[in-house]
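Topology and contacts: notes
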Amino acid sequence: MSSLFPKALKISQSKPTPSTQLPNIRTPLILIACTLAIGIVGLTSYLVVRKLIIQQLQEKALLQVRQGTDEIDQWLAICSTTIQTIANTDAARSLNWKLIEPLLESEVKRTDDFFKISLSLPDGYYYNTEVGKSNTTNSDRDFIQKALAGETNISDPFVSRTTGIPSVAIAAPIRQSYDFKSPPIAVINGSLKVHRITQVVNKLRYGNLSYAFALNSQGEPIIHPQVMSTKEKPAPSFLKSTDSSLAELARRMVNKEERIELMSIDGTYQYVAYVHLKQANWSIALVIPRENIESQLQALNLLTSILGGLLAIGTIIAWRQIQLSQKAKIQVVMLSQQQKTLQQQAQDLEQALQELKQTQAQLIQAEKMSSLSQLVAGVAHEINNPISFIYSNIEPAQEYIADLLRFLELYQHHYPEPVAEIQDEAETIELDFLKEDLPNLLNSMKVGAERIKQIVLSLRNFSRLDEAEMKLVNIHEGIDSTLMFLQSQLKATPNHPEIVVIKEYTDLPLVECYAGELNQVFISLLTNAIDAIQESFVNLSPTQDRRTGKIYIKTELTANQQVIIRIIDNGIGISESSQKQLFNPFFTTKPVGKGTGLALSISYQIVTEKHQGKLECHSTVGKGTEFVIILPISQESLLAA
């Protein structure tokens, strides 16, 4: 035991004093801490950037599917409108095939969409433009049954009995009169080739080995690279697939969900983007191999590996330098500075990616609004030409008929007792009633034509396609055009009573602004007001008071040449916590799938950045919400000030 004391003494003598040991321990600890911090920041930044890039790529794929469904929806909507228009003609209502056949054949040639159009009678027998009168019946077709029940509908694919071509039918009821509530007496149905829809679906691609398919409301594949379901030969429903992932995907598509997600398809994990059609009860899905999306992360992974390797090499070198000399303190300071720089770069990168994502979403929203404006302008233009022709000819028609009536009165004055045959015919056609009612009928037609012209003017005023630059605009006209566009949402429904709009306008001068974008702000704020009022009635029981929904629109002019527009509703209101985030991108209080969280953000940007104005929100839960828009009358005077 005693022999150990000299060794212990020698060791204790060789140890450095605490004053010299402490810096040598502190420096490695600082280096280790800095290395861990940089590693954590780098890893966190990589994960955040990777997630944002994948989300952006997923949104791009989902947008591609939406564009495909929009193309099909627009085509089906146009075809459905054509069939409904034919069904509402006097020729169709006559049920006389000799009168109807020329009309249907001209429509087949004109549209180039339908390869045949049929007239189906309640007893099941039908006529079509291919074979004329058919000896078979089609009363077993579900689209015929729905149309006879008064519903305009689009069928699932089936095989035509007269042509043998896979088809999709659009059927509309022929009603007994122009009254929409009158009972159906027959059906007009047009047949579309499934090939047209298949072409659109097959165009959907996202890299190699990707493919698209469509399911009907039963989960059956109506368009698929390997199988196609028809009424005559239905394919097995994906809802009953032994592959649980495929069955779950079919269930979500049948439930009209819309998203993109990673799931096991065909034994491998693949991305699937799916969107539901609006015109038909179908859903379209795009299956994308996982590597088609994630392969675009190779550059990020390589950069991360290089940075990680450089960080490791730098750490080893620094550690060896600490052991060799006191220069380690300088290197620790440098590493600390690098850490701050990397943190700042990571924050800048995250902010840049967030701004990029916001910009992309705003561009998509702007493109949708542009498409809507183009559609509205196109519809207004197409309606304007025929209604102008009708309106311009009503007055000459009134003059001609007045001349004829004067001539008839002159004839009756000089020949008060015509032959018996003329007297009988006058009684048969009720000549006195015709003379009295015909001018009233023309006046009614004139009033209706004037109303349609006013609607067309409002539509053109709302679209404002030609006002991409700042112009002097009547603010009240923009608000009125927007209200006309939302008129159907203000009417009473089984879920809520009528919403009353109360306008309290002040005389305003013309305001210098971007008219189209300002209309977008009005439609966003008014739509939010309507949604808030409708939601206030959702949870009411039948015994509770169903008060009237009201929207107040007030305008005023301030002494400092500013226009104030107030949109006030008596809806459910907005909580204080939500008001703080109301104008943030992607923030929404609406259920998933109903709102994107972009409308108010874009509206705020349009008012504050493009018009140098203000957009404020004042709300009380349970009482309602007030949005206040403050705009300068002239942008030039604002810049001069």
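Before reading on, note that the structure itself is shown above.
Along each chain, the written sequence defines residue order, and numbers are assigned to residues from 1. pLDDT decides what is reported in this predicted model: residues at 70 or higher carry local features, side-chain atom pairs at 80 or more are listed and counted, and totals for whole chains, interfaces and linings draw on all residues regardless. Values shown for side chains rest on all heavy atoms present in the structure; no hydrogens or waters enter the calculation.

**Looking at the pattern of salt bridges**
Basically, it comes down to this: Salt bridges, as used here, are contacts in which a Lys or Arg side-chain nitrogen is within 4 Å of a carboxyl oxygen on Asp or Glu. Throughout this description, buried means an accessible area under 20% of the type-specific maximum (1.4 Å probe, protein chains only), exposed means over 50%, and partly exposed covers the range between.
Within the structure shown, the criterion is met by 16 salt bridges. For Glu 261, the salt bridge goes to Arg 252, with nearest N and O atoms at 2.4 Å. Accessibility assignment for this pair places Glu 261 and Arg 252 in one class, buried. Glu 257 is the partner of Arg 259 in a salt bridge, and the nearest nitrogen-oxygen pair spans 3.0 Å. According to the relative accessible area criterion, Glu 257 is partly exposed, its value standing at 21%. Look at the salt bridges and you will find they share partners, linking Glu 248, Arg 251, Arg 252 and Glu 261 into a network.

**As for the packing of helix α15 (residues 515–536) against helix α17 (residues 599–610)**
For the record, the criterion: Fitted lines through C-alpha atoms serve as axes, helices being fitted only where they are in contact, and the angles separating the N-to-C directions of these axes extend from 0 to 180 degrees. Helix and strand definitions follow DSSP, with helices as H or I runs of at least four residues and strands as E runs of at least two, each counted in order from the N terminus. Here the angle decides the label: under 35 degrees means roughly parallel, over 145 means roughly antiparallel, 65 to 115 means roughly perpendicular, and every other value means oblique. Here a crossing is taken to be left-handed if its near helix is turned anticlockwise relative to the far helix by less than a right angle, and right-handed if that turn runs clockwise. The contact rule is simple, with two residues in contact once any of their heavy atoms fall within 4.5 Å.
In the contact formed by α15 and α17, the axes pass within 9 Å of each other and the chain directions differ by 140 degrees. Classified by the angle between their axes, α15 and α17 sit oblique to one another. The two elements α15 and α17 meet at a crossing, and its hand is left-handed. Between α15, through Glu 517, Gln 520, Val 521, Ser 524, Leu 525 and Asn 528, and α17, the contact on the second element is made entirely by Ala 599, Leu 600, Ile 602, Ser 603, Ile 606, Val 607 and Lys 610.

**Remarks on unusual backbone geometry**
Positioned with a positive phi, Leu 95 is a non-glycine residue whose angle comes to about 60 degrees. Within the secondary structure, Leu 95 sits in the loop between α3 (90–94) and α4 (97–111).

**What about helix α13 (residues 475–485)?**
Heads up, the rule is: Definition of a polar contact: a pair of N or O atoms within 3.5 Å, with one able to donate and the other able to accept a hydrogen when the atoms are protein atoms, and with sequence-neighbouring residues admitted only if both atoms are side-chain atoms.
With respect to burial, α13 is a largely interior element, eight of its 11 residues being buried. Every buried residue of α13 is accounted for by Ile 475, His 476, Gly 478, Ile 479, Ser 481, Thr 482, Leu 483 and Met 484. In this structure Asn 474 caps α13, since a side-chain oxygen of it lies 2.9 Å from the backbone nitrogen of His 476.

**A few points about the nonpolar core**
For clarity, the threshold we go by: What we call a nonpolar core is a set of buried Ala, Val, Leu, Ile, Met, Phe, Trp, Tyr and Cys residues that are connected through their side-chain atoms within 4.5 Å.
Core analysis: the largest hydrophobic core is formed by 57 residues, its most contacted members being Leu 119, Ile 188 and Trp 282. With 15 residues, helix α2 (residues 18–87) is the largest single contributor of residues to this core. Not counting residues up to four positions away in its chain, the partners in contact with Ile 188 are Ile 83, Ile 86, Ala 87, Ala 92, Leu 104, Ile 117, Ser 118, Leu 119, Ile 170, Ala 171, Ala 172 and Ile 174. Counting 39 residues, the second-largest nonpolar core is a separate cluster that includes Leu 490, Leu 598, Leu 600 and Leu 615.

**Topic: the sheet that holds strand β16 (residues 549–557)**
The cut-off we apply is this: At least two DSSP bridges between two strands are needed for those strands to be called paired.
Across the sheet, which stays open at both edges, the five strands sit in the order β14-β16-β17-β19-β18 with mixed pairing between neighbours. Two strands lie at the open edges of the sheet, namely β14 (499–504) and β18 (614–620), each paired on one side alone. Ignoring strand direction, the axes of neighbouring strands in this sheet form an average angle of 15 degrees. Relative to strand β19 (residues 624–632), β18 is paired through seven bridges, and the arrangement is antiparallel. Among the inter-strand pairings, Lys 614 is bridged to a residue of β19, identified as Ile 630.

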